[in-house]
Amino acid sequence: MLDLKKVCSNIEVVQESLKKRGQDIDISELISLSEKRRELIVKIQGARTELNRINDEIKIAVSKKDNSLLESRRSELKNFSQNIKDMEKELDKIETEISNHLMYIPNIPHFSVPLGKSSEDNQEIKRWGKKPEFSFEPKNHWDIGERLGILDFERATKIAGTRFAVLKGMGARLERALIDFMLDVHTKEHGYTEIWPPLMVNTKAMTGTGQFPKFREDAFHIEGTDYHLIPTAEVPVTNLHSDEILDSSLLPVKYVSYTPCFRAEAGAAGKDTRGLIRQHQFNKVELVKFAHPKNSYDELESLLSDACSILEKLNLHYRVVVLCTGDMGFSSAKTYDIEVWLPGQNTFREISSCSNFEDFQSRRASIKFRENPKSKPEFLHTLNGSGLAVGRTLVAVLENYQNEDGSVTIPEVLRPYMGGREIIS
RNA sequence: GGAGAGAUGGCUGAGUGGUCGAAAGCACCGGUCUUGAAAACCGGCAGGGCGCUUAGUCGCCCUCGAGAGUUCGAAUCUCUCUCUCUCCGCCA
């Protein structure tokens, strides 16, 4: 959520930034609502001052037992206070409308974000490692996995439906190994604190991080409750500190959280229907930071490098792109995507997305910090990034480490997590 | 699921219709004292919004879990909701 005051005093900047995102939102109504709000508040405050003054007279009348004065004031005030209540109802209506507007306005892109319309305009800023060379035609992960008996899509369909998978034997073990490996790296080498949160959250939490109200359709909802399956650990972990004021000496707060993620994938019909790439349920290790506004972009760079380190340890070829203004997520001010090389599909695929939300989420969820004990609380900056998407990492391992005979070599760093095993065959 | 109790500032906790945005204690911050620290003493210390001819050690307004109601006036009375705790039952 943007700051109403800032929107009103920087109308052009906001309108311009919406255009950059390819959004055609007219904010003139919001501006006039804001004007109305201010006028009404001034009126109500004046009336209340008067009301409080007359009430003080009544107190005196009561203490002096002056009943005639008391009676005359009473009838006078009854209408007066009703009038105030009516104005307050009107104000409430206006404020609801204002928030309805603000909740649907995306974040303003950081000045360093390249201008563009779609993923075509994203800019590659880094490339690490080399494409692996094969003396044979590399296969898709679903072919590799099904032949090894470690991936089963058909039976998953039977018990749930499309966009689900069953991992079996060494497949399930590899998934678990990846989770464990990632958590160990981030907690032991990068200083993140591990969090195991609820996998279902309420509407308030979903609104705090920006999923709701605009993207309600993307989440699974438990009927008859206010519980929603989390689409990412970002939601519970960021909201961990909602309605809190943190001491600035604690910043940055760094959390890592492995959770399953649930996405309805509404609007993705026909996309990535085969394989593990796009599932209704997948595992992800998520990095979340609460940072001081003055260095949140440095924190974004280190978050990105923390995520990249996992791919480097696994020796997987990848590139990093900066998302352009038109391709960025709703809440983000700047996003890097990490894309891993998938030889079976002869392409780079997103495996992590690292964003700085600045104060967009912290304003919604009310997460503040205090510079020193005497200063006013300010909104801090929130960041997060996948470190990494586990299912897609498993895909990358299968496709990059496949052998001609259909077996898959286990990357060295994972072997301790696989009981010392070197190969899946 | 059944029965009961409760929700007040960073924390503990007083407050049952007006002078209460709120006692007291703890924590924290500043000061006096001290070679330094502690103790003691003094002072400060909730969040949000609006205004301004003086942008301030400024003025005003709101907020005692949330919402609605009674009343001239609600932390205090009534109703609804949410959450927490205790006991019993059930259960991974």
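Residues numbered from 1 in each chain as written. Chains lettered and ligands numbered in written order. Predicted model: local features only at pLDDT ≥ 70, side-chain atom pairs only at ≥ 80, totals over all residues. Heavy atoms only, no water.

### Some thoughts on the protein's contact with RNA strand B
Then comes step 1: Taken together, 24 residues are adjacent to RNA strand B, and Arg38, Gln45, Lys78, Lys368 and Arg370 come closest.
Then comes step 2: Take the atoms of RNA strand B that sit within 4 Å of the protein: sugar and phosphate atoms are 70% of them.
Then comes step 3: Here a phosphate oxygen of RNA strand B and a side-chain polar atom of arginine 37 are 3.1 Å apart.
Then comes step 4: Arginine 370 places a polar side-chain atom, nitrogen or oxygen, 2.7 Å from a phosphate oxygen of RNA strand B. (Near = heavy atom within 4 Å. Polar contact = N/O pair within 3.5 Å; in protein donor to acceptor, adjacent residues only side chain to side chain.)

### Notes on the packing of aromatic side chains
Then comes step 1: Tallying each qualifying case throughout the model produces eight aromatic pairs.
Then comes step 2: Relative to phenylalanine 330, the ring of phenylalanine 215 lies with its centre 5.4 Å away and its plane at 75°, an arrangement referred to as edge-to-face. In this pair, phenylalanine 215 is assigned in the loop between α8 (203–208) and β6 (228–229) and phenylalanine 330 in the loop between β10 (318–322) and β11 (334–342), connecting sequence segments 115 residues apart.
Then comes step 3: You can call phenylalanine 215 partly exposed: its relative accessible area is 31%.
Then comes step 4: With relative accessibility at 10%, the residue phenylalanine 330 sits in the buried group.
Then comes step 5: Pairing phenylalanine 330 with phenylalanine 360 gives two aromatic rings, centres 5.6 Å apart and planes at 85°, and the pair type is edge-to-face. Linking phenylalanine 330 in the loop between β10 and β11 with phenylalanine 360 in helix α11 (residues 360–365), this pair joins segments that are 30 residues apart in sequence. Comparing phenylalanine 330 with phenylalanine 360, the two get one shared label, buried.
Then comes step 6: The structure contains a cluster of three or more aromatic residues connected by ring pairs, namely Phe215, Phe330 and Phe360. (Phe/Tyr/Trp six-rings, centres within 6.5 Å; stacked < 30°, edge-to-face > 60°. Helix = DSSP H or I, 4+ residues; strand = E, 2+ residues; numbered from the N terminus. Buried < 20%, exposed > 50% of the residue type's maximum accessible area, 1.4 Å probe, protein only.)

### With respect to a negative patch on the surface
Then comes step 1: Together, Asp24, Asp26, Glu29, Glu90 and Glu97 line one region of the surface with negative charge.
Then comes step 2: Within the secondary structure, glutamate 29 sits in helix α3 (residues 28–64).
Then comes step 3: Owing to a relative accessible area of 43%, glutamate 29 belongs among the partly exposed residues under this scheme. (Patch = residues over 30% accessible without salt bridge, like charges linked within 9 Å, V, L, I, M, F, W, Y side chains within 5 Å. Areas by Shrake-Rupley, 256 points an atom, 1.4 Å probe, with all protein chains shown as cover. Salt bridge = Lys/Arg side-chain N within 4 Å of Asp/Glu carboxyl O. Lys, Arg positive; Asp, Glu negative; His and termini not counted. Charge placed at Lys NZ, Arg CZ, Asp CG, Glu CD.)

### A look at the sheet that holds strand β7 (residues 244–247)
Then comes step 1: Spatial ordering of the open sheet is given by β7-β13-β14, a layout of three strands whose pairing is mixed. The open sheet terminates on both sides in strands that have one partner only, identified here as β7 and β14 (377–379). Between one strand axis and the next, the sheet turns by 40° as a mean value, whatever way the strands run.
Then comes step 2: Pairing of β7 with strand β13 (residues 367–370) involves four bridges; the strand directions are parallel. Its bridge partner lying in β13, aspartate 247 is registered against arginine 370. (Pairing = 2+ DSSP bridges. Axes fitted to C-alpha atoms, helices over the stretch in contact; angles between N-to-C directions.)

### Here's the deal with the nonpolar core
Then comes step 1: Membership of the largest hydrophobic core comes to 55 residues, with the highest contact counts inside it found for Leu174, Leu178, Met182, Leu311, Leu316 and Ile338.
Then comes step 2: Filtering out sequence-adjacent residues up to four positions away, leucine 316 remains in contact with Trp128, Leu311, Val340, Ala396, Val397, Asn400 and Tyr401.
Then comes step 3: In terms of nonpolar packing, the next biggest core, distinct from the first, is built from 28 residues, Leu2, Ile58, Ile94 and Leu102 among them. (Core = buried A, V, L, I, M, F, W, Y, C linked by side-chain atoms within 4.5 Å. Contact = heavy atoms within 4.5 Å.)

### Structural notes on the pairing of β11
Then comes step 1: Most of β11 is tucked away, with nine of its nine residues classed as buried.
Then comes step 2: Neither face of β11 is open: one carries Lys334, Tyr336, Ile338, Val340 and Leu342, the other Thr335, Asp337, Glu339 and Trp341, and all of them are buried.
Then comes step 3: As paired elements, β10 and β11 share five bridges and run antiparallel to each other. When the bridges of β11 are listed, arginine 319 appears paired with glutamate 339.
Then comes step 4: The pairing of β11 with strand β12 (residues 347–358) spans nine bridges and is classified as antiparallel. Bridged to isoleucine 338 within β12 is serine 352.
Then comes step 5: In sequence, β11 turns back onto β12 through a hairpin of four residues, with asparagine 346 there showing a positive phi of about 55°.

### Considering the domain arrangement of chain A
Then comes step 1: Splitting chain A by domain gives domain 1 (4–102) and domain 2 (119–424).
Then comes step 2: Relative to domain 2, the C-alpha centre of domain 1 lies at a distance of 44 Å.
Then comes step 3: Taken residue by residue, the interface counts four residues in domain 1 and eight residues in domain 2.
Then comes step 4: In total, about 450 Å² of surface goes out of reach between domain 1 and domain 2, with carbon and sulfur atoms giving 29% of it.
Then comes step 5: One can count four residue pairs in polar contact (both at pLDDT 80 or more) joining domain 1 with domain 2.
Then comes step 6: Residue classes in the side of domain 1 that touches domain 2 are distributed as no nonpolar, one polar and three charged. (Domains from an automatic or database assignment. Buried area = accessible area lost by both parts, 1.4 Å probe. Nonpolar A, V, L, I, M, F, W, Y, C, P; charged D, E, K, R; others polar.)

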